[in-house]
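# Analysis of the macromolecular model
So you can see what is in the structure, the chains are spelled out below.
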Amino acid sequence: MVHDTRPEFLPRPNGVGHTTSSRLAALAIVIGLALLPFARAAQAAGALPDGVTEQSFTLPGGERVLQLATVIDAPVAKVWAAFTTEPGFTAWAVPLARIDLRVGGSIETSYDPKVPLGSNQTIRNEIVALVPERLLVMRNVQAPPGVPFDVAIFQSTQTALWFEPLDAARTRLTLVAGRFLAGPAYDGVMKFFQAGNAYTFGELRKHLAAAPAGAGAGAGAGADAPAAKSPESAATAPRTPH
C-alpha cells in the first residue's frame, strides 16, 4: 500500500485524502523571486496580465493563501519542462539555472548573467515534493541580498504548482502559496509575489504560444539564450485543484 506522506496543508489529487480549501494553508516561488525586475514592474502596473486569474482566500484561522491560475496553450509536458529543465527555464525566464530535479534537490537561478551559480547572490529553492508533470512544491532557502521584502517570512512559506492537462494541447497551471499572516511585513511579501508570479504566468503564456509546433519548451535556447526581458526594457482553476 502506498501512503500519502505529504503534510496535511497540501492539497491532494482526486482520490487521495482531503481536497478542501482548509488543507491549502501553507503552500512564494522560484518564478516571482527569480524574476525580480518583472515583479517590481508588475507591482507598479497593478493589473493582472491577460489570461491570469486570482482565487486567493483566507482560511478560518485568518491565514491568507495566494492562488493564481492560467490556461496555457501547450501540452503539459512542455509546461512542465519550462519549469523543471535548464534549457526550458533559461529559454524564457532567467539566463542561468541549475536544476536538481528530485525531492531534496534544488532549483538555483540567477537573473543576472554576471552573477555565477553557486554564489550567495543567486536564488535557491529546495524541492519539497514533486509528481512528474503534475505537482512541484518548493520553499526558498537562499535569496540575494537587498530584495524588497522580508526574507524570513518568504522562507517560512511554501509554493505548490499544479499542472493539469485539459487536453492534448492545453494545460491549466495553478499556483498556491502561503501562508501569509496579518501585518505589514506579510502584506508586503504577499503583494510582491502576487504581482511577480502573475506577470511571470503571463510571460510563460506568451513564450509557449510563440514556440513552434512540436518544439520543446527550450527549443532554440542554448547556453547563450537571452532571458525574458522585464517590462522596463521591453516595449481558471477551481479553488481546490483536481
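Residues numbered from 1 in each chain as written. Predicted model: local features only at pLDDT ≥ 70, side-chain atom pairs only at ≥ 80, totals over all residues. Heavy atoms only, no water.

A count of helical and extended segments in the protein chain gives six helices and nine strands. Residues classed as buried in the protein chain amount to 51% of the 242 residues present. Carbon and sulfur atoms make up 54% of the accessible area of the protein chain, which totals about 10,500 Å². (Helix = DSSP H or I, 4+ residues; strand = E, 2+ residues; numbered from the N terminus. Buried < 20%, exposed > 50% of the residue type's maximum accessible area, 1.4 Å probe, protein only. Areas by Shrake-Rupley, 256 points an atom, 1.4 Å probe, with all protein chains shown as cover.)

Moving on: the packing of aromatic side chains. In this structure the tally under the stated criterion is ten aromatic pairs. Ring centres 5.8 Å apart and planes at 85° place the aromatic pair F83 and W92 in the edge-to-face group. Taken together, a centroid distance of 5.1 Å and an interplanar angle of 65° make the contact between F149 and F193 edge-to-face. Separated by 44 residues along the polypeptide, F149 in the loop between β7 (135–142) and α5 (151–155) and F193 in helix α6 (residues 184–210) bring together distant segments of the chain. As far as burial versus exposure is concerned, F149 and F193 are alike and both buried. (Phe/Tyr/Trp six-rings, centres within 6.5 Å; stacked < 30°, edge-to-face > 60°.)

On to the pairing of strand β4 (residues 96–99), then. Each regular strand carries side chains that alternate between the two faces of the sheet. The alternating pattern of β4 places A97 and I99 on a buried face and L96 and R98 on a face that is not buried. In this structure, β4 lies alongside strand β5 (residues 106–110), joined through four bridges in antiparallel fashion. Residue pairing in the sheet places R98 in a bridge with E108 of β5. Connecting β4 to the antiparallel partner β5 that follows it, the hairpin turn spans six residues, and G104 within it adopts a positive phi of roughly 90°. (Pairing = 2+ DSSP bridges.)

Let us now look at the nonpolar core. L161, F163, L173 and L204 are the most contacted members of the largest nonpolar core, which has 39 residues in total. Secondary-structure elements contributing two or more residues to this core are β3 (64–72), α3 (76–84), β4, β7, α5, β8 (158–167), β9 (170–180) and α6. In terms of residue count, the dominant contributor to this core is α6 (nine residues). Aside from chain neighbours lying at most four places away, what touches L204 is I72, V79, A82, F83, W92 and L173. Counting residues in hydrophobic clusters, the runner-up holds nine residues, among them F57, L59, W162 and V176. (Core = buried A, V, L, I, M, F, W, Y, C linked by side-chain atoms within 4.5 Å. Contact = heavy atoms within 4.5 Å.)

Next up on the list: unusual backbone geometry. The peptide bond linking G178 to R179 adopts the cis configuration, its omega dihedral lying at 5°. By the element assignment, R179 lies in strand β9. With a phi close to 60°, E133 is a non-glycine residue in the positive phi region. In this structure E133 comes out as partly exposed when scored by relative accessible area, which is 29%.

Right, let's talk about the confidence of the model for the protein chain for a bit. Looking at the protein chain as a whole, the pLDDT averages 77, with 68% of positions reaching at least 70. Of all secondary-structure elements in the protein chain, the lowest mean pLDDT belongs to helix α1 (residues 30–34), at 45, while α3 reaches the highest, 97. Low confidence marks residues 1–34, where pLDDT is under 50. Its contacts with residues over four positions away, or in another chain, come to 103 contacts. Scored below 50 in pLDDT, residues 219–242 shows 51 contacts in the model against residues more than four places distant or in partner chains. (pLDDT = per-residue confidence, 0-100.)

Take the environment of G51 next. If you trace the backbone, G51 turns up in the loop between α2 (36–45) and β1 (52–54). It is 8.6 Å that separates the C-alpha atoms of G51 and I72, two residues lying 21 residues apart in sequence. Ignoring anything within four residues of it in the chain, the contact list for G51 reads A69, T70, V71 and R205.

This paragraph deals with the side chain of E63. Here E63 shows up in the loop between β2 (57–58) and β3. Discounting residues that sit within four places of it in the chain, E63 has contacts with F57, T58, R179, F180 and L181.

Right, let's get into α3. α3 sits mainly inside the fold: eight of its nine residues count as buried. Considered for burial, the residues of α3 that qualify are V76, K78, V79, W80, A81, A82, F83 and T84.

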